[in-house]
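Secondary and tertiary structure notes
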Amino acid sequence: MGLLLFYHLTRSPLPDTIGLIAGRALDRDWRVMVRGTDAARLAGLDAALWLVPAPEFLPHGVTGVAQDADQPVLLGKGAASNGARALMLVDGAAVTDAEIAAMERVWVFFDGNDEAAVADARAQWLTLTRAGHAAQYWGEEGGRWQMKAEHPKPGAENP
């Protein structure tokens with residue numbers, strides 16, 4: 001069963017954070033699906049990912065071309081059509097219990113400077129943890145990512 005990781009963005013831009021984490025996922029040989037809710041926003045994210053400062057190139061594409069299945073990182077609004085083992089959710093995109101179970105990791109990125117996005121992420125956290133999924137909440141502190149909460153806490157039973 002996949003682990004849910006909620007990332008509360010307050011300083012780091014979304015493309016930089018996705019670039020860093022997607023690079024680590026690719027190092028583990030996990031293909032990545034980045035799911036959003038708005039095609040224009042995904043197109044902007046696609047353009048920004050080409051410019052992310054990273055130690056290495058982040059190969060990616062947007063759904064709707066013949067090579068979707070070949071993309072190591074695929075951006076789109078639907079199901080992972082690239083054999084992804086890692087799923088990244090942006091802009092309030094949803095995930096099903098079955099998808100969580102099929103993934104190694106599921107990241108939920110939300111803008112900490114947007115009250116509606118924070119409220120949506122809190123609601124998503126409650127829904128998914130009440131359904132029995134393990135989750136971690138990560139925040140930025142002193143220029144680094146730190147885990148702030150975990151459900152269930154180690155040694156605790158699922159409700």
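See above for the structure.
Scoring rules and cut-offs
- Residues numbered from 1 in each chain as written.
- Predicted model: local features only at pLDDT ≥ 70, side-chain atom pairs only at ≥ 80, totals over all residues.
- Heavy atoms only, no water.
- Phe/Tyr/Trp six-rings, centres within 6.5 Å; stacked < 30°, edge-to-face > 60°.
- Helix = DSSP H or I, 4+ residues; strand = E, 2+ residues; numbered from the N terminus.
- Buried < 20%, exposed > 50% of the residue type's maximum accessible area, 1.4 Å probe, protein only.

1. Quick word on the packing of aromatic side chains
All told, the structure shown has four aromatic pairs when counted by the stated rule. On the numbers, 5.7 Å between centres and 55 degrees between planes, the contact of Tyr7 with Phe109 is tilted. With Tyr7 in strand 1 (residues 3–9) and Phe109 in strand 6 (residues 105–111), the pair connects residues that are 102 residues apart, well separated along the chain. With centroids separated by 5.9 Å and ring planes inclined at 10 degrees, the aromatic side chains of Tyr7 and Trp138 adopt a geometry described as stacked. Pair noted here: Tyr7 is in strand 1 and Trp138 is in strand 7 (residues 135–141), with a separation of 131 residues, a long-range link. Linked through ring pairs, Tyr7, Phe109, Trp138 and Trp145 together constitute an aromatic cluster.

2. Observations regarding unusual backbone geometry
In this structure, the amide linkage connecting His151 to the following residue, Pro152, adopts the cis form with an omega of -10 degrees. Mapped onto the elements of the fold, Pro152 is located in the segment after strand 8 (144–151). Phi at Asp29 takes a positive value of approximately 65 degrees, unusual for a residue other than glycine. Among the secondary structure elements, Asp29 is positioned in the loop between helix 1 (14–27) and strand 2 (32–35). Judged by its relative accessible area of 66%, Asp29 is exposed. Of note, Asp91 is a non-glycine position whose phi angle comes to about 55 degrees, a positive value. Examined against the element boundaries, Asp91 turns out to sit in the loop between strand 5 (86–89) and helix 3 (97–102). According to the relative accessible area criterion, Asp91 is partly exposed, its value standing at 33%.

All we've got here are geometric facts, nothing functional implied.
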